[in-house]
Amino acid sequence: MTDRQRTALRITGGILLSLLLIAGVGVGIAFSKRESLLQTALDKITRKAERDYNLDLKIGDAHFTGLTSVAFSNISVVPRDRDSLARIQQVEVSVRLWPLLIGKIGLSTMSLENARIQVIKRDSLTNVDFLLRSRKDSTATATTTTTRRKTDLADVAENLIDNVLSKIPDDLDVKNLDVVGIDNDDTLRLFTQTATIHNEQVKSTILLNGNEAIWHLDGTADPADREYDLALFANQPDGRPKPLELAYIQKKYNLLLQADTLRGQLRDVDRSRGEFRLEGAGSVRNLRVNHPAIARTDVLVPQASMEAKLFVGENYVGIDSTSTLRLGQVSARPFVKYTLPDRTAAEGQPGSGKQYNVQLHTDPLNAQALFNSFPQGLFESLEGMQVEGKLKYDLSFQFDTALPDSVKFDSGLTPDGFRILKMGRTDFSVINKPFDYTPYEKDKPVRTIRVGPENPDYTPLNEIAPDLRNALLTSEDYNFFTHKGFNEKAFRVSIATNFKEKSFKRGASTVSMQLVKNVFLNRNKTLSRKVEEILIVWLIENEHIVPKERMYEVYLNIIEWGRNIYGIGEAARYYFAKRPSELSLGESIFLAFVVPRPKAALSWFVPGGGLQVRNVRGYFRIIGRIMAKRGLTAPDSGAYGFYDVRLRAGLRRELPPVDTLMQSDSLMVDPIDPDIDADGDGTGIGNFFRRLFKGNRDRTTEEPQQPTVQPETPPTDAAVPVDTVKTRKQLRQERRERKRREREAQQGLDNGNG
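It should be emphasised that the depicted structure is a prediction, and the values quoted were computed from it without experimental measurement. (Residues numbered from 1 in each chain as written. Predicted model: local features only at pLDDT ≥ 70, side-chain atom pairs only at ≥ 80, totals over all residues. Heavy atoms only, no water.)

The next point concerns the overall build of the chain. The secondary structure content of the chain amounts to 17 helices and 29 strands. Expressed as a percentage of the 754 residues in the chain, the buried residues total 43%. The contacts of the chain with a sequence gap of at least 6 include a subset with a gap of at least 24, amounting to 60%. When the accessible area of the chain is evaluated, it comes to approximately 41,000 Å², of which 54% is carbon and sulfur surface. (Helix = DSSP H or I, 4+ residues; strand = E, 2+ residues; numbered from the N terminus. Buried < 20%, exposed > 50% of the residue type's maximum accessible area, 1.4 Å probe, protein only. Contact = heavy atoms within 4.5 Å. Areas by Shrake-Rupley, 256 points an atom, 1.4 Å probe, with all protein chains shown as cover.)

For the rest of this paragraph, the subject is the nonpolar core. With 88 residues, the main nonpolar core has Trp561, Phe590 and Leu591 as its most contacted residues. Broken down by element, the residue count for this core peaks at 7 residues, all from helix H13 (residues 585–594). Contacts of Trp561, omitting those with residues within four sequence positions, involve Leu472, Leu556, Gly567, Ile568, Ala571, Tyr575, Leu591, Val594, Val595, Pro598 and Ala601. Judged by nonpolar contacts, the second largest core, of 37 residues, contains Ala49, Ala62, Leu85 and Leu278. (Core = buried A, V, L, I, M, F, W, Y, C linked by side-chain atoms within 4.5 Å.)

A cluster of acidic residues, Glu200, Asp225, Glu227, Asp268 and Asp270, forms a negative patch on the protein surface. Residue placement: Glu227 occurs in strand E10 (residues 227–235). Judged by its relative accessible area of 41%, Glu227 falls in the partly exposed class. (Patch = residues over 30% accessible without salt bridge, like charges linked within 9 Å, V, L, I, M, F, W, Y side chains within 5 Å. Salt bridge = Lys/Arg side-chain N within 4 Å of Asp/Glu carboxyl O. Lys, Arg positive; Asp, Glu negative; His and termini not counted. Charge placed at Lys NZ, Arg CZ, Asp CG, Glu CD.)

Let us now look at the side chain of Ser73. The residue Ser73 is located in strand E2 (residues 69–79) in this model. Contact partners of Ser73, with chain neighbours within four places excluded, come to Ile59, Gly60, Asp61, Ile88, Gln89 and Gln90.

Quick look at the packing of aromatic side chains now. Going through the model one piece at a time under the given rule, you end up with 26 aromatic pairs. Measuring from ring centre to ring centre gives 5.3 Å for Tyr338 and Tyr356, while their planes differ by 40°; the resulting arrangement is tilted. Taken as a pair, Tyr338 in strand E19 (residues 330–339) and Tyr356 in strand E20 (residues 355–361) lie far apart in primary sequence, 18 residues in all. Members of the aromatic cluster, connected to one another through ring pairs, are Phe371, Phe374, Phe379, Phe418 and Trp538. For Lys337, the ring lying beneath its charged end belongs to Tyr316, and the centroid distance is 4.4 Å. Above the plane of the ring of Tyr478 lies Arg630, whose end atom (NZ or CZ) is 3.8 Å from the centre. (Phe/Tyr/Trp six-rings, centres within 6.5 Å; stacked < 30°, edge-to-face > 60°. Lys NZ or Arg CZ within 6 Å of the ring centre and 35° of its normal.)

Right, let's talk about the packing of helix H7 (residues 466–476) against helix H14 (residues 617–629) for a bit. Two numbers describe how H7 lies on H14: the axes approach to 10 Å, and their chain directions differ by 105°. Between H7 and H14, the angle falls in the class roughly perpendicular. Of the residues in H14, those in contact with Asp467, Asn470, Ala471, Thr474 and Ser475 of H7 are Tyr619, Ile623, Ile626 and Met627. Split by residue class, the contact of H7 with H14 holds 5 nonpolar, 3 polar and 1 charged. (Axes fitted to C-alpha atoms, helices over the stretch in contact; angles between N-to-C directions. Parallel < 35°, antiparallel > 145°, perpendicular 65-115°, else oblique. Nonpolar A, V, L, I, M, F, W, Y, C, P; charged D, E, K, R; others polar.)

Tracing the chain through its elements places Asn498 in helix H8 (residues 488–501). Owing to a relative accessible area of 12%, Asn498 belongs among the buried residues under this scheme. If we skip the residues at most four places from it in the chain, Asn498 touches Ser503, Phe504, Lys505 and Arg506.

Below you can see the structure in the form of structure tokens.
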């Protein structure tokens, strides 16, 4: 080593030693002044709480008890003009030293005694309103503008999780922590007698509403490595097991939720390649759910779990496809991704809207294991069914809110050697022979109808006018004889249409689905009934339990065509005093027209017995043109029998008002399925979720549903007020608008039936 090198080393060493001495002096000064520095920091926090959040924060005493530990006593937090939020008698915390050196605060130990935290809601006011208080923009008066920095969701997620996990201490000792929630007259209280983390072991005893139940949160926790495995369970005061349950939820939402054990695991938290990733798992044992919108009875899930790998990117969040969802004896691989709009993309272009991507795939599953894994009480008609073979399910859904017509939806259950060995509670082949059908009106049986030759109104398929058969399928489900129960194209059109209309304007139920719903399922408007309907349709169609011709024949003989008018035999005689075989093209199109709204059928006639021009003639032209295009009828330059339809003389003065509670379920209009609360009793699934997410709208303010075909021209015999005379320009604009609506309606029919 040369002299120059030795000199350089001595200089470097001297500089480092000087810096260490200066740092040591600084630390010494800070240590000697730490009490005053602590008070200064607390004063700043108190002023900030008052200024930004209208909080009265008081700390009776605060002092250091060690190098990195601080004790506080007599803390109170009271929002201005609100009930007290928190009172803490004693709390002591210490921080981890190494994170502190790089500016991060991580708790090492924490002890808390005699504390009360309460969230109170009185009418529309709560004592946590300050959390929603907007911070004042200090740059509001600035004379220069700055470019808004784009938020990176990965950074937000990482900071949020880091702030939460870093506040969980390695050692915890909590005694007498009372957490109370008051919602007007309802009170929920969780009193933690003890909660500890020692040597990575978690133990706790929590009293629910006094002695209603004793909850325990036990397991392991390694805050330093960010690994957790926790289980929540309960028992009665005498030690016997008791389900986890909150009576508050049942009272407020009419929702029963019970579970024997809830378990959650956090396995890894990482940031790589611009993505924040979190890996964990969750499971539930003996989950019991009951709500009028979900199922008629209790739904029991003995065992369900999920191993999830979550990811968050710059503008997207999701669940990775390597995740696994387990239900009973079967498992599936989910994938979910939600992407925020790209602000740089032009409106209406790819990326300019929110994007949803949902997928679910399974390996070939043992069919019996799948049926055994259905939650008890969910699909009552399938309980006890015995099957063999394998089934594989695949679902793919992609939706861009900027391009709703580009929606992609594919769902399929692929059988391999599948067959039914024994029917469950319901034998779906019963409709292959004469049977009794009972329609319901507002959950009450109307009357029993014999579907068979014993009924004089029963009409075999080959004795029904071909025009009626073709008109109804053109309107409701043109591909009925070629599809296997479902029309995915119609479903995609339904999604796009309903999204663009911001309401449920178009349904996707096929004739098969309508038949199953009416014949085999109860009248309860539940989510489980819709899923059960889909499963039954798949079984009937794929196993060929009922021939297509028989399905359509039964359908035509049971559907409602007016007030207490069921089946084509009753409808043909009631409206036109004819047999079904004698129906004309116009009469057939009219009967197809009223299927979605049967109780309003008479309201479309004028006193002379003819049909209104408004709303109806355009429909005749659309259906007629489609039928002519497909070779089902001769082309007609008129309105395909519209002017030939004449109501039976005895009914021509019976023009009751339209029933605003009428229901429909078809490819054209399907208001039942989305809301499932048509009775207005507050028990439907639509009402449940509106209440749950605070979106309970007053249905009386909604616009009434309009016919599929929009108004064309006013009735010819209607009186025209003298102050409504329109200019030629206005009339031309109206004609163009009518033609545009007719084209859109025809395109909708082609999409639904093509």
